[in-house]
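Chain and residue survey
This is what each chain is made of:
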Number of protein chains: 2
Amino acid sequence: MKIALDAMGGDFGPRVNVEGALWATQQPGLSVVLVGDQKKIQKELHKTRFSSRAIEVVHASETIEMHERATESLRSKKESSMRVALEFLKNNDVDAVVSAGHTGAFMASALMVLKRLPTIERPAIAGCIPTLKGSCVMLDLGANVDCRASHLVQFATMGALYSKSVEKKENPLVGLLSNGAEDSKGTDVLRQAHQILKDKNLNYIGFIESKDMLKGKVDVVVCDGFIGNIFLKTAEGLVSAIFSMMRQEFQKRFFTKLAAGLFYFIFKDTLYSFGRRLDYAEYGSAPLLGLNGVVQVCHGRSSSRAIKNALWTAQKSVESHFLEKLKGELESGQVA
Amino acid sequence: MKIALDAMGGDFGPRVNVEGALWATQQPGLSVVLVGDQKKIQKELHKTRFSSRAIEVVHASETIEMHERATESLRSKKESSMRVALEFLKNNDVDAVVSAGHTGAFMASALMVLKRLPTIERPAIAGCIPTLKGSCVMLDLGANVDCRASHLVQFATMGALYSKSVEKKENPLVGLLSNGAEDSKGTDVLRQAHQILKDKNLNYIGFIESKDMLKGKVDVVVCDGFIGNIFLKTAEGLVSAIFSMMRQEFQKRFFTKLAAGLFYFIFKDTLYSFGRRLDYAEYGSAPLLGLNGVVQVCHGRSSSRAIKNALWTAQKSVESHFLEKLKGELESGQVA
């Protein structure tokens, strides 16, 4: 399997991408095509101690910078590293594309180059959210601020199939994020989607509150991109606030400083990893569902570990034949 | 000052209300009118060891149960304890009303009896959310699921005045909860409200993300009741998830059990109180703003401590002359 990586993407440029790619190719059967400024990539490759036969380099003369406007860069930079990588995928030269570059530009490029799947109106960012029982797939995490009921229904179908194929959950439970579990709750759009989902061939349990989602009551949670974003940032902000509180606590209580210090040392990692996993991108990457191709979006701040994880998640997605299965379902009319 | 308390409200009936009232009246200058089934109230009063001259009992023959439909109970139970308490407030026999009863019925009754303030289209539930720098006022926490831009603008003005008068913050910073700080973020409704708020006589800083709100960057956060509910339940769910993770951690690591146990013992309270403060109602109560009267909503699960806090918050609100100031601003046309 071959995955194209936008080697210029992310806040740290080629370094973390090259390191992540080398790390990822330790997995048998995976090779990575590094797309970007050949000189810079080669320089980074020489710097590392490792080498890998599973790495290829493909030159792309342009790079979309993080501060550029998505629409402008799309028009003006037709030879950008992310664009070249996506064209490779379109031509079946690679099986998937991963990028930690400008998220807006990457999503827009992917939509333009790969196109939407038939009957899917909007692609969605899906994330793997940690719960007390493991994890659940949440979508949309930010691609679509305003959603109609039909969009939410399509997200539900794609999320359920992703959970089943990639996360290997049998008959995944699907919920619609709302302000209460009763049928009377939700906004007008949510209640419309709720009615449609009841009749779908899904294991749909109805409205769910975020606290029950964190307990692990469902495998797939559907919401619009605005709510998804509020959820993620609230979770991220709270974990960080609790860290600060813990630090304050040590300063207050001298008599138990040792115990506190020890516990902090132990517990930090668990809490930190919980917090990190909440940030969809640092955890690895988030698949962009609804496009005709396997595409993974990474956060700009991604480390080499995050890039490695993103490549492995993309590999898992390709191996699961998720995209083929989704196309099959769409053709058989199982999706709204 | 006299505050009417719906003595029948809440999951625990008259007991916690009577205890909370006795506790609250230890504050000089506060007397409480217990409204409800006189026999039951007297029985609870006899049970407690304390007595107080600052307690009055007023009979109300009916009680709205927690499972009833708000609209039906409004029609059928005109002698309910919450209704009688609200009529007292309307007739200026008391200065405020507190109830831990059926939230929907209480809000509807308050709206019917007290009426909205002129130019305020929708009353909002305001909550005091803990932040790393203290707290901020957040509204709406659930009274209005779908909001127009004008509603959000009115919430901002009421919230700012509440923060200034009751929380004693000078020139409070106001933010609109969104999916990013840039002007281009938000939904259509949010961007409309954003434009209007820029021209208002408020210390408005623009869009704010929930993680920055938790850091304490603003004093007032405005959102619709759906988002407010998602925020609260995500926060509540996360704090509870982190508790569970901590417990799991002790079971895993035997060699540091003592340290972990000690730390848990110390830290539990901080975390618990943070979590409890996030639940607007357990923390005390949430003021319902926009009505012609000082009204505090409590959670059904309120303890006597929560009832006591609610009575004190209502007292603080009355003493601050918040309502008179708000009416003044509305009359002078300072509110949309």
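Coordinates for the structure precede this section.
Computed from a prediction, not measured in an experiment: that's the story for all the values here.

Here we come to the overall build of chain A. Each helix and strand in chain A was counted, giving twelve helices and eleven strands. By residue count, 60% of the 336 residues in chain A fall in the buried class. Sequence separation of at least 24 residues holds for 70% of the intrachain contacts in chain A that already meet a minimum separation of 6. Carbon and sulfur atoms make up 49% of the accessible area of chain A, which totals about 14000 Å².

Let's shift gears to the pattern of salt bridges. According to the stated counting rule, one finds 28 salt bridges over all chains in the structure shown. Measuring nitrogen to oxygen at the nearest pair gives 3.3 Å for the salt bridge that ties A:Lys47 to A:Glu44. Taken together, the residues A:Lys47 and A:Glu44, both in helix 2 (residues 38-47) and three residues apart, mark about one turn of the helix. According to the relative accessible area criterion, A:Lys47 is exposed, its value standing at 55%. Relative accessible area serves as the criterion here: at 12%, A:Glu44 is assigned to the buried category. The shortest N-O distance in the salt bridge between A:Glu121 and A:Arg148 comes to 2.9 Å. Residue A:Glu121 is located in the loop between helix 5 (103-114) and strand 5 (124-131), and its partner A:Arg148 is located in the loop between strand 6 (134-139) and helix 6 (149-165); the two are separated by 27 residues in the primary sequence. Connected via shared salt-bridge partners are A:Glu209, A:Lys211, B:Lys233 and B:Glu236.

The next point concerns the nonpolar core. Judged by nonpolar contacts, the single largest core of 194 residues is most densely connected at A:Leu34 and B:Leu34. If near-sequence neighbours (up to four positions away) are discounted, B:Leu34 is found in contact with B:Leu5, B:Ala7, B:Asn17, B:Val18, B:Ala21, B:Ile41, B:Leu45, B:Ile55, B:Glu56, B:Val57 and B:Val58.

Residue and element names in this part refer to chain B. Direction vectors running N to C along helix 4 (residues 81-90) and helix 5 (residues 103-114) enclose 30°, while the axes themselves pass 10 Å from each other. With respect to helix 5, the axis of helix 4 lies roughly parallel. As helix 4 packs across helix 5, the resulting crossing turns out to be right-handed. Packed against helix 4, whose contacting residues are Met-82, Arg-83, Leu-86, Glu-87, Leu-89 and Lys-90, the element helix 5 presents Ala-105, Phe-106, Ser-109, Ala-110, Met-112, Val-113 and Leu-114 at the interface. Class assignment for the residues of the contact of helix 4 with helix 5 results in nine nonpolar, one polar and three charged.

Residues and elements named next belong to chain B. Remark: helix 6 (residues 149-165) packs on helix 12 (residues 322-331), axes separated minimally by 10 Å, with the N-to-C direction vectors making an angle of 140°. By the angle between their directions, the pair helix 6 and helix 12 is classed as oblique. Relative to helix 12, helix 6 is oriented so that their crossing is right-handed. Residues Thr-157, Met-158, Leu-161, Tyr-162 and Ser-165 of helix 6 lie in contact with helix 12, whose contacting residues are Phe-322, Lys-325, Leu-326 and Glu-329. Looking at the contact of helix 6 with helix 12, its residues break down into five nonpolar, two polar and two charged.

Here we take up a positive patch on the surface. Together, A:Lys164, A:Lys168, A:Lys316 and A:Lys325 make up a positively charged patch on the protein surface. Along the chain, the position of A:Lys316 falls in helix 11 (residues 304-319).

What follows is about the sheet that holds strand 10 (residues 286-289) of chain A. Residues and elements named next belong to chain A. Strand order in the open sheet formed by eleven strands is 3-2-1-4-11-10-5-6-9-7-8, and the pairing between neighbours is mixed. At either margin of the open sheet sits one strand with a lone partner, and together these are strand 3 (55-59) and strand 8 (203-208). The mean inter-strand angle of the sheet, taken between neighbouring strand axes irrespective of direction, is 30°. Strand direction decides the pairing type here: strand 7 (residues 173-177) and strand 9 (residues 220-222), joined by three bridges, are parallel. Across the sheet, Val-174 pairs through a bridge with Val-220, a residue of strand 9. Contacts from helix 6 reach strand 5, strand 6, strand 7, strand 9, strand 10 and strand 11 (294-297), with the element oriented near 165° to strand 9.

Residues and elements named next belong to chain B. Overall, mixed pairing links the eleven strands, which are arranged 3-2-1-4-11-10-5-6-9-7-8 in an open sheet. Looking at the sheet topology across the chains shown, the edges are occupied by strand 3 (55-59) and strand 8 (203-208). Across the sheet, the axes of successive neighbouring strands diverge by a mean angle of 30°, strand direction being ignored. Here two bridges tie strand 5 (residues 124-131) to strand 10 (residues 286-289), and the two strands are oriented antiparallel to one another. Looking across to strand 10, one finds that Ile-125 is bridged to Leu-288. The strands that helix 6 touches are strand 5, strand 6 (134-139), strand 7 (173-177), strand 9 (220-222), strand 10 and strand 11 (294-297); relative to strand 9, the one it contacts most, it runs at about 165°.

Rules behind the numbers
Residues numbered from 1 in each chain as written. Chains lettered and ligands numbered in written order. Predicted model: local features only at pLDDT ≥ 70, side-chain atom pairs only at ≥ 80, totals over all residues. Heavy atoms only, no water. Helix = DSSP H or I, 4+ residues; strand = E, 2+ residues; numbered from the N terminus. Buried < 20%, exposed > 50% of the residue type's maximum accessible area, 1.4 Å probe, protein only. Contact = heavy atoms within 4.5 Å. Areas by Shrake-Rupley, 256 points an atom, 1.4 Å probe, with all protein chains shown as cover. Salt bridge = Lys/Arg side-chain N within 4 Å of Asp/Glu carboxyl O. Core = buried A, V, L, I, M, F, W, Y, C linked by side-chain atoms within 4.5 Å. Axes fitted to C-alpha atoms, helices over the stretch in contact; angles between N-to-C directions. Parallel < 35°, antiparallel > 145°, perpendicular 65-115°, else oblique. Left-handed = near helix turned anticlockwise from the far one by under 90°. Nonpolar A, V, L, I, M, F, W, Y, C, P; charged D, E, K, R; others polar. Patch = residues over 30% accessible without salt bridge, like charges linked within 9 Å, V, L, I, M, F, W, Y side chains within 5 Å. Lys, Arg positive; Asp, Glu negative; His and termini not counted. Charge placed at Lys NZ, Arg CZ, Asp CG, Glu CD. Pairing = 2+ DSSP bridges.

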